[in-house]
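Each chain is listed here by its residues.
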Amino acid sequence: MTEQFYANRYASILYRYSQRFLARALREEALPLEPAQLPVFLRAAHRPDIAQEDIAAVTGLDKGTVARTAAALEAQGLLQRRPDPADRRVNRVSLAPEGQALLPRVEAVIGRLHDVIYKGLTREEQDAACRLLVQMCDNLRGSLAGPR
């Protein structure tokens, strides 16, 4: 068997190591976030007023996980949620001022993670790795979009 058959295994290992790295780095920086909260926190930061269901669609998280994470971040004072005026069933989220104040430190932690992940890789290799991972994610997302 060639190494290509193990791509999912290495993606899983990379994810687990990344989560451990982030947990430690967030703790060291005294940031009140858990690694699992970062996708919602960062989407709200980079796309203010984003619908929770759009976060789920982009991140691959289920809607319930996004809703629970958003509620937890709101309870921490880091996120603001409001119903969409056109459809009150839809919640839109943005960072609260307290979350906005933490954003540069959170992004610095993410930068440290990227520095470690990409260590020893040229810019071209980094770009190629990202393109390949995006393609693999798109392939899987597409396979899940059809009938069950």
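Residues numbered from 1 in each chain as written. Predicted model: local features only at pLDDT ≥ 70, side-chain atom pairs only at ≥ 80, totals over all residues. Heavy atoms only, no water.

### Notes on the pairing of strand E2 (residues 79–84)
So, point 1. Note: E2 against strand E3 (residues 87–95), six bridges, orientation antiparallel. Pairing of Arg82 across the sheet is with Arg92, part of E3. (Pairing = 2+ DSSP bridges. Helix = DSSP H or I, 4+ residues; strand = E, 2+ residues; numbered from the N terminus.)

### Quick look at the UniProt feature "domain: HTH marR-type" (unreviewed entry) in the protein
So, point 1. The feature "domain: HTH marR-type" (unreviewed entry), as given by UniProt, occupies residues 7–138 in the numbering adopted here.
So, point 2. The span residues 7–138 is 67% helical and 13% strand by assignment, and the distance between its end C-alpha atoms comes to 14 Å. (UniProt positions renumbered as here; feature names shortened; annotations may be inferred.)

### Here we look at the packing of helix H3 (residues 52–59) against helix H4 (residues 63–75)
When two helices pack together, their arrangement is captured by the angle between the axes and the distance separating the axes.
So, point 1. Running from amino to carboxyl end, H3 crosses H4 at an angle of 120 degrees, the nearest separation of the two axes being 9 Å. As the angle between them shows, H3 and H4 are arranged oblique. For the pair H3 and H4, the sense of crossing is right-handed. Contacts between H3 and H4 pair Gln52, Glu53, Ile55 and Ala56 from the former with Lys63, Val66, Ala67 and Ala70 from the latter.
So, point 2. Grouping the amino acids of the contact of H3 with H4 by side-chain chemistry returns five nonpolar, one polar and two charged. (Axes fitted to C-alpha atoms, helices over the stretch in contact; angles between N-to-C directions. Parallel < 35°, antiparallel > 145°, perpendicular 65-115°, else oblique. Left-handed = near helix turned anticlockwise from the far one by under 90°. Contact = heavy atoms within 4.5 Å. Nonpolar A, V, L, I, M, F, W, Y, C, P; charged D, E, K, R; others polar.)

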